[in-house]
Every structure is written in structure tokens, then in C-alpha cells.
Amino acid sequence: MDLQHKFLNIILLPLTFILLLLFMPPFLLLKFLFSLKRYVFMENVVGKVALITGASSGIGEHVAYEYAKRGARLVLVARRDDRLQAVANKARKIGSPEVIVVAADVSKVEDCKRFVEEAVNHFGQLDHLVNNAGVTKPRSFEKVTQFSDFASLMDINFWGSVYSAHYAVPHLRKNKGKIVVISSTGAWLANPRLSFYNASKAALISFFETLRIEFGPDIGVTIVTPGLIDSEMTQGKFLPQAAWVPAETAEGCAKAILDSTCSGDMYLTEPSWMKVFYWIKVLCPEVLEWCSHSMFANRPQSTKKNS
């Protein structure tokens, strides 16, 4: 057995490299042609039903507006009913034929079951589920005193998406619907003081990649990894910590998300230039970690929520 592993260690990497050199050019050409076809025949969401969690502000709010502009019917979910009503009113004005709001906490499994049931009972169908609700609590790991605070972060960021998907999947499957997962570049671009947040977003990617394999063509899954987005979550003390990174508007990010979803993309990183850091991490992780530690490790701390 050890000899087999030694043989594979020696031969597999160079063999794979050679095969990739032969395989990648035609694969990339085909991928480009298929992406072009998907863009030309982009899904029309007029009259379709989209359920959006964390829709009271930030990315979720502007994703709701993008769906509204394209004529979709909306189910808006968040904890703050007053903010939801304001978002719903604007969504109606800019084009959504019908909007309902459901005040709910995604960290509670019974609430997730309830808002999916309300959506289906009201509209009779569910076409898109946008798992957007999330919170962030920047803090150095050594200064954590109450781990229950970060258990609630995982409940919202990870389990909230799991619960919502569990109850939505039977209805999405009927219409070959789609799940949009709002993760973060933090899932693969580790920043100090965001260890729990980054872990929750990495868990989302792994979980929904697995589900995508299980679903096959029945349900599309688009995994979004936004960079720094100018939103309620990143305001205050958090945004100055990353002042060197230009923040994208929530409006621009939302438009890219819906375009990518309707094109059937598997992944979206927005802004796309953030992908550079992924490749730096793969090729020279020591450099990226040193830079990250130097820029962020001694900055002030903050706690922000978005739901």
C-alpha cells in the first residue's frame, strides 16, 4: 500500500499537469461557447416567485429590487418588519406585480418552514431561493469570551441557509428552480478577526457544492462570493479596516448576482478582480498570509449585523 502511494505521489502530479495542458484549451473554448449560449438565452423571471432572506438591507434588499425590475413576484424575509415593508413598497413601485413580507428569524427551523409554506400557499409555486441572511462579528479569537455569540453567527449564516433549502427543495424541484447562495470571498481569503464568519461562509460553499451534485439538473445552484460590498453590514468601524480595498455598491453586486443566476452559472465572484487573490493563495499562500497579517491584525474591532 505504501508503495502504491509513493508511486502515485511521483507520477500523478506531472501526469495531471500534462493532461491539463492538452485538455484545457478545447474545454475553455466549449465553456465559453456554452456561457455565451446561456447569456443569449438567459432565464426570464417575469411572473416567477423568488424568496429572499435577509431582504431588509444590503445585498438582499438590492437583489429584491433587481428581481422586481424584471417582473418577478417576491417573498421578502428578515427580522425587521418595518424595513421589509419599506423594501416591499419600493419593489412594487419599480415593477414587481406582487410582494409579500414575512418577518422571521432564519436561525429558527420553525420560522424557515413557516416562510416557505407561506410563500407556496400564497403563490402556489417557488422558483428561486436566495439564501442571503447573514451576520458578521469581527473579533480576535483570543479575545472571545462568549462562544454562544458565535454559535448564533453559525446558526444564521450556515444553518439558516440549510433550513431554508430543506423546506424549499421539494417546491423548487417541481419547476427546475434555482438556489442562490451568498457566501463570501472570506471563505477562501482569510482575514484576521473574521475566523467564525469565514468558517460559516466556507461551510456554505462545501454544503451547497455537495447538494448541487445530489440535485443534478433538477435544481440549479449558484454560489456567490462577494468581496467588500458597501452595505449596512460593512459600515461603521468595519469598513475602515479594509480601506485599501475598493467597496462595490450593493446595487452593482445585486445586478451581477441576478444576471449570473439567470445565466445558470455555478459560481460568481463579485467584483471579478477579487479572483486574483484566490490564485495568489493557491500559488504563494505565505505571501498572502503575511500581507493580511500586516494590514489587518492590529486594527480596531467591531460588531455588525444584517438580517
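Not measured: the values here are computed from a predicted model.

*Asks:* Could you clarify how one ought to interpret the packing of helix H2 (residues 58–69) against helix H8 (residues 250–262) in this entry?
*Replies:* Between two packed helices, the angle of one axis relative to the other and the distance separating the axes together describe the packing. It is at 8 Å that the axes of H2 and H8 come closest, and there the two elements cross at 55°. The angle between H2 and H8 places the two elements in the oblique class. As for how H2 packs across H8, the hand of that crossing is right-handed. Residues Gly58, Ile59, His62, Val63, Glu66 and Tyr67 of H2 form the contact with H8, whose own contacting residues are Ala250, Glu251, Cys253, Ala254, Lys255, Ile257, Leu258 and Thr261. For the contact of H2 with H8, the per-class residue count stands at eight nonpolar, three polar and three charged.

*Asks:* Mind showing me how you'd approach helix H6 (residues 195–215) here?
*Replies:* The α-helix advances 3.6 residues per turn, and as a result positions three or four apart in sequence lie on the same side. Helix length check: H6, at 21 residues, gives a terminal C-alpha distance of 30 Å against a target of 30 Å (1.5 Å per residue), a fit within 8%. Gly216, located one to two residues past H6, shows a positive phi value of around 65°.

*Asks:* Please clarify how a nonpolar patch on the surface should be interpreted in this entry.
*Replies:* The grouping of Phe7, Leu8, Ile10, Ile11, Leu12, Leu15, Phe17, Ile18, Leu19, Leu21 and Leu22 at the surface amounts to a nonpolar patch, some 1100 Å² of accessible area in total. Structurally, the position occupied by Leu21 is in helix H1 (residues 2–40).

*Asks:* Is there a simple way to think about the pairing of strand S4 (residues 128–131) in this case?
*Replies:* Here is the key point about a regular strand: its side chains alternate between the two faces of the sheet. The two faces of S4 match: His128 and Val130 on one face and Leu129 and Asn131 on the other face are all buried. Sheet topology note: the strand S1 (residues 49–53)/S4 ladder contains three bridges and is parallel. When the sheet's bridge partners are listed, Ile52 is paired in S4 with Val130. Looking at chain direction, S4 and strand S6 (residues 178–182) are connected through four bridges and run parallel. Bridge pairing links Val130 to Val180 in S6.

*Asks:* Help me understand the packing of aromatic side chains in this model?
*Replies:* Here the distance between the centres and the angle between the planes together describe a pair of aromatic rings. In the structure shown here, the tally under the stated rule is 12 aromatic pairs. Ring geometry for Phe23 against Phe27: centres 5.2 Å apart, planes inclined by 25°, an arrangement best described as stacked. In this pair, Phe23 and Phe27 are both assigned in helix H1, four residues apart and thus about one turn of the helix distant. Residue Phe23 is classed as partly exposed on the basis of its relative accessible area of 46%. What links up through ring pairs into an aromatic cluster is the set Phe158, Trp159, Tyr163, Phe207 and Phe208. Over the ring of Tyr267 we find Arg212, and its NZ or CZ is 4.6 Å from the ring centre.

*Asks:* Which parts of the structure should I look at to understand the confidence of the model for the protein?
*Replies:* Should pLDDT be low for a region, the predicted coordinates there are not to be read in detail. For the protein, the average pLDDT comes to 89, and 92% of its residues sit at 70 or higher. When the criterion is pLDDT under 50, residues 301–307 qualifies, and its contacts beyond four places in sequence or with other chains add up to 38 contacts.

*Asks:* Would you explain the nonpolar core in this entry?
*Replies:* One recurring pattern in soluble globular proteins: nonpolar side chains tend to sit buried together. Counting residues in hydrophobic clusters, the biggest one holds 41 residues, and the most contacted among them are Leu51, Val75, Phe115, Ile179 and Phe208. Among the elements of the structure, S1, strand S2 (73–78), strand S3 (99–103), helix H4 (109–123), helix H5 (147–174), S6, H6 and strand S7 (220–226) are those that each provide at least two residues to this core. Here this core gets nine residues from one element, more than from any other, and that element is H5. Residues within four places of Val75 in sequence aside, it is in contact with Val49, Ala50, Leu51, Ile52, Ile100, Val102, Ala119 and Phe123. If you look at the next biggest cluster of nonpolar residues, it comprises 32 residues, including Ala50, Ala78, Ile257 and Cys262.

*Asks:* Mind showing me how you'd approach H8 here?
*Replies:* For H8, spanning 13 residues, the distance from its first C-alpha to its last is 18 Å, which sits close to the expected 18 Å at 1.5 Å a residue. Listing the buried residues of H8 in full gives Ala250, Cys253, Ala254, Ala256, Ile257, Leu258, Asp259, Ser260, Thr261 and Cys262. Of the residues one or two after H8, Gly264 is the one with positive phi, at around 80°.

*Asks:* How should I be thinking about the pattern of salt bridges in this particular structure?
*Replies:* Any two side chains of opposite charge can pair, on the condition that their charged atoms come close. Overall, the coordinates contain 11 salt bridges when judged by the stated rule. Residues Arg70 and Asp259 are paired through a salt bridge, measuring 2.7 Å at the closest nitrogen-oxygen approach. Separated by 189 residues along the polypeptide, Arg70 in the loop between H2 and S2 and Asp259 in helix H8 bring together distant segments of the chain. Among the ionic pairs, Asp218 bridges to Arg173, the shortest N-O distance being 2.8 Å. Note that Asp218 is positioned in the loop between H6 and S7 and Arg173 in helix H5, a separation of 45 residues in sequence. Asp218 sits in the partly exposed class, given a relative accessible area of 26%. A single network of salt bridges, built from pairs that share partners, joins Glu66, Lys69, Arg70, Lys255 and Asp259.

Reading the values: the criteria
Positions within a chain are numbered from 1, following the residues in the order the chain's sequence is written. Thresholds applied to this predicted model are a pLDDT of at least 70 for local features of residues and 80 or more for the giving and counting of side-chain atom pairs; totals over whole chains, interfaces and linings are not thresholded and use all residues. The side-chain quantities take in all heavy atoms of the structure and omit both hydrogens and water. Only the contacting stretch of a helix is used when fitting its axis, a line to C-alpha atoms as for every element, and angles between N-to-C directions run 0 to 180 degrees. Working definition: helices are DSSP H or I runs of at least four residues, strands are E runs of at least two. Numbering for both runs from the N terminus. An angle below 35 degrees is read as roughly parallel, one above 145 as roughly antiparallel, one from 65 to 115 as roughly perpendicular, and any other as oblique. By convention the crossing between two helices is left-handed if the near helix lies anticlockwise of the far one by an angle smaller than a right angle, and right-handed if it lies clockwise. Whether two residues are in contact is decided by their heavy atoms, any of which lying within 4.5 Å being enough. Under the scheme applied, nonpolar residues are Ala, Val, Leu, Ile, Met, Phe, Trp, Tyr, Cys and Pro; charged residues are Asp, Glu, Lys and Arg; polar residues are all the others, including Gly. Here the expected length of a helix is defined as 1.5 Å per residue gap, with one fewer gap than residues. Residues qualify for a patch when their relative accessible area is over 30% and they have no salt bridge, like charges being joined within 9 Å and the nonpolar side chains of Val, Leu, Ile, Met, Phe, Trp and Tyr within 5 Å. Reported accessibility uses the Shrake-Rupley method at a 1.4 Å probe radius. Residues are deemed covered only where the shown protein chains occlude them. Within this document, salt bridges are pairs made up of a side-chain nitrogen of Lys or Arg and a carboxyl oxygen of Asp or Glu, the two lying within 4 Å of each other. Burial classification: accessible surface area is computed with a 1.4 Å probe over protein chains only, and a residue below 20% of its type maximum counts as buried, one above 50% as exposed, and the rest as partly exposed. One bridge is not enough; two strands pair if DSSP finds at least two bridges between them. Each Phe, Tyr or Trp ring (for Trp, its six-membered ring) is paired with any other whose centre lies within 6.5 Å, and the angle between the two planes then decides the class: stacked below 30 degrees, edge-to-face above 60, tilted in between. By definition here, charges over rings are those cases where NZ of Lys or CZ of Arg is within 6 Å of the ring centre and within 35 degrees of the ring normal. Scored between 0 and 100, pLDDT is the confidence that the predictor attaches to each residue. To form a nonpolar core, buried Ala, Val, Leu, Ile, Met, Phe, Trp, Tyr and Cys residues must be joined to one another through side-chain atoms within 4.5 Å.

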